[in-house]
Amino acid sequence: MDCALTCSASAKIALLTCRQMRLGSPKLPNIWSSSWRSSSSRRNNRSLRTVALSTTAGFGSTMEGPAANTQNVNYMWPDKKRPRICIVGGGFGGLYTALRLESLAWPDDKKPQVVLIDQSERFVFKPLLYELLSGEVEAWEIAPQFSDLLANTDVRFFKDRVKCLYPCDHLGTNAPTAGTVQLESGLLIEYDWLVLAIGAEAKLDIVPGAADYALPFYTLEDAHRVDKKLRELERKNFGKDAAIRVAVVGCGYGGVELAATISERLQEKGIIQAINVEKTILSNAPAGNREAALKVLSSRKVQLVLGYFVRCITKGVESQTSDAESKTMDPAADHSESIILELQPAERGLQGQIIRADIVLWTIGSKPLLPELEPSDKPYDIPLNARGQAETDETLRVKGHPRIFAVGDSSTLRDKNGKLLPATAQVAFQQADFAGWNLWAAINDRPLLPFRYQNLGEMMTLGRYDAAVSPSFTDGLTLEGFVGHTARKMAYLIRLPTDQHRVKVGISWLLKSTVDSVATLQTMLAKAQSGS
């Protein structure tokens, strides 16, 4: 691997370790020099600077990197002797790995220094994003700030975006570093151990027009954007007979949960159409979940367009006047923009369809972000599969890189039947637990444990106070309705990151449930009194 950076001279210096290892140099320079050494080197190279964080700074606080377009800055770890772990990505895999490391018992001289990097200041509990649209939860409950979650830990959080990775552990030489992470702000972080938990993003480039006219539902920002658009349409159609037309592309869990949630929100004021290339919905889900979803969607008059895929998406204008009137109408006259989806049948014997919608929600396809971190001149030696995920062994270590672990959407593993593990929160939860333990084992010269995925069941929301839960320990059992909703909320409450956050959210949910119950009781009593 040629570890050369073209972006700046300081980045080249940062990667000199990798270059000299390749050449077999017996003595390797340490770019993370002390402050006096950095001062002397600054006279020769003004673009290389060293930053040392104060040892009195609060642990668990948010560290801001240097401003964008500034000179590269070297991060100075507080302790030069203890192991250095850099975790890239603050989703389920990254955050829960950091918390797992914090919970383990360490010898004093081996407790690692941990840095967590994410481009957002908030952790997002993605399975509960749908409840934002229904108003069942508040943003702070499912998207707490990293600074709050890590306040009582030794983990340091950097709000930044990773630009490049330069690992050196695959070169097979004893070195003072296993690699370097370069952030977009210019910060260079040297590490002994690296955890890749970068995650993925919605894939909108597979259909022409999807990136321009469809809204994904993958992040907190996506959920706010969809909610804002729905509110605009609700205000626009207030007092009118026109219904809000919603097209949901994809009938996996994400598409079905969206269709169920929005159909409940809009009720008779909305027309929901769910499009799926297969002839059924939730093809890989337990039969109980699929049957519960079909029952709910049917009761809410959601139109299922099955056996079709979206060929392209365009935008058109529907005139509010007749063709004769349109020739003489004022240019400022009211027009209603609509999004046009051209559907093509997946099998022969069906005719193509045209669907017009006011909003299109895209729930199919995702792409890992790991390939975007490759240097532009030459890819690094991390093995990736066709989807862009790191190839790992059964201990979650990246193949050929004993100092790099990969979890969540950044990794690729198969179950005991040879089937690829799904990119779900449940998988990331369990991988984070193993990654934390195996880092402890590797640092303490203990044997690493092979990851074994345990499917605990599948859950989905179908609206306020409605859900379907199929636990794995009992075949054929599906909890539906309010019982399923309660079981799902309790399961996710237990899975929230910290005890403090669980307590705050639990109290909030309990108070909301109490208020809703009192309101429901008052409504029932009012109806009974009016009937008598």
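As annotated in an unreviewed UniProt entry, the protein carries the name demethylphylloquinone reductase and comes from Anisodus tanguticus. One UniProt comment on the protein, placed under Sequence similarities (unreviewed entry), says "Belongs to the NADH dehydrogenase family." Quoted verbatim from the Catalytic activity (unreviewed entry) field of UniProt, the annotation for the protein is "demethylphylloquinone + NADPH + H(+) = demethylphylloquinol + NADP(+)".

Here we come to the environment of R122. Here R122 shows up in the loop between β5 (113-118) and α5 (130-134). A sequence separation of 21 residues divides R122 from A143, and the C-alpha atoms of the two residues are 5.7 Å apart. Residues in contact with R122, not counting those within four places in the same chain, are A143, P144, Q145, F146 and L220. Polar contacts involving the side chain of R122 include one to the main-chain carbonyl oxygen of A143, which spans 2.7 Å.

Inspection of the secondary structure puts I244 in strand β13 (residues 244-249). The spacing of I244 and K269 is 25 residues in sequence and 6.2 Å in space, taken between C-alpha atoms. When residues no more than four places from it in sequence are discounted, the contact partners of I244 are L233, E234, N237, L266, K269, G270, I271 and D358.

Right, let's get into the packing of aromatic side chains. What describes a pair of aromatic rings is the distance from one ring centre to the other and the angle between the planes of the rings. Tallying each qualifying case throughout the model produces 17 aromatic pairs. Each ring, one from F125 and one from F429, has its centre 6.3 Å from the other, and the planes form 40°; the classification is tilted. Of this pair, F125 sits in the loop between β5 and α5 while F429 sits in helix α13 (residues 425-443), and the two are 304 residues apart along the sequence. The exposure class of F429 is buried, given its relative accessible area of 8%. Taking 6.4 Å as the distance between ring centres and 40° as the angle between the ring planes, the aromatic pair formed by Y465 and F482 counts as tilted. Taken together, the positions of Y465 in the loop between β24 (457-461) and β25 (467-471) and F482 in helix α14 (residues 481-495) put the pair 17 residues apart, joining distant regions of the chain. The class for F482 is exposed, based on a relative accessible area of 53%.

Parameters at a glance
Residues numbered from 1 in each chain as written. Predicted model: local features only at pLDDT ≥ 70, side-chain atom pairs only at ≥ 80, totals over all residues. Heavy atoms only, no water. UniProt positions renumbered as here; feature names shortened; annotations may be inferred. Helix = DSSP H or I, 4+ residues; strand = E, 2+ residues; numbered from the N terminus. Contact = heavy atoms within 4.5 Å. Polar contact = N/O pair within 3.5 Å; in protein donor to acceptor, adjacent residues only side chain to side chain. Phe/Tyr/Trp six-rings, centres within 6.5 Å; stacked < 30°, edge-to-face > 60°. Buried < 20%, exposed > 50% of the residue type's maximum accessible area, 1.4 Å probe, protein only.

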